[in-house]
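The chain contents come next:
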Amino acid sequence: MGLFSRLFGSSKRDVPAAKTTEPVEYKGYLIYQESLEEGGQYRIAGRITKEIEGELKTHQFIRSDVLSSESDANEFMLKKAQMFIDQMGEDIF
């Protein structure tokens, strides 16, 4: 195995599998809770999607907040997304 392969990895088995996130439906929108791991903490992040006139619209966001557990970060993201939908409606997109 070469030096670069040992340092950076060379096989697909070294790449972590992408997480599959089940969306939460809220008032016709789909909310994807996708917190990001950073140094042992989790940054609040996710997507809000909705089909409008046959086109899938997506709003992705990453907040500056970090929490100690992934489930807490995802729960906080869900609450923030619901509040955002209530305040902005389709103007999100």
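First, a word on scope: everything that follows refers to the structure included in this document. (Residues numbered from 1 in each chain as written. Predicted model: local features only at pLDDT ≥ 70, side-chain atom pairs only at ≥ 80, totals over all residues. Heavy atoms only, no water.)

Okay, the pattern of salt bridges next. Where charged atoms from two side chains of opposite charge approach closely, those side chains can pair. Tallying each qualifying case throughout the model produces seven salt bridges. Between R63 and D65 there is a salt bridge, with its nearest N and O atoms 2.8 Å apart. Residue class for D65 comes out partly exposed when judged on its relative accessible area of 27%. In this structure, the salt-bridge partner of K79 is E75, at a minimum N-O distance of 3.4 Å. A residue pair is termed a helical-turn pair when its members lie 3 or 4 positions apart in one helix, as K79 and E75 do in helix α2 (residues 70–88) at four residues. Under the relative-accessibility criterion, E75 is labelled partly exposed at 38%. (Salt bridge = Lys/Arg side-chain N within 4 Å of Asp/Glu carboxyl O. Buried < 20%, exposed > 50% of the residue type's maximum accessible area, 1.4 Å probe, protein only. Helix = DSSP H or I, 4+ residues; strand = E, 2+ residues; numbered from the N terminus.)

Let's shift gears to the side chain of Q82. For Q82, the position within the fold is in helix α2. Given the relative accessible area of 17%, Q82 is considered buried.

Within strand β4 (residues 41–52), nine of the 12 residues are buried, leaving the element largely enclosed by the surrounding structure. Bridge analysis of strand β2 (residues 29–33) against β4 gives four bridges, and the strand direction is antiparallel. Of the residues in β4, the one forming a bridge with Y32 is R47. For strand β3 (residues 36–38) and β4, the ladder comprises three bridges, and the chain directions are antiparallel. Each bridged residue has a counterpart across the sheet, and for L36 the counterpart in β4 is R43. Counting the residues that bridge the hairpin from β3 to β4 gives two residues, and of these G39 lies at a positive phi of roughly 55 degrees. (Pairing = 2+ DSSP bridges.)

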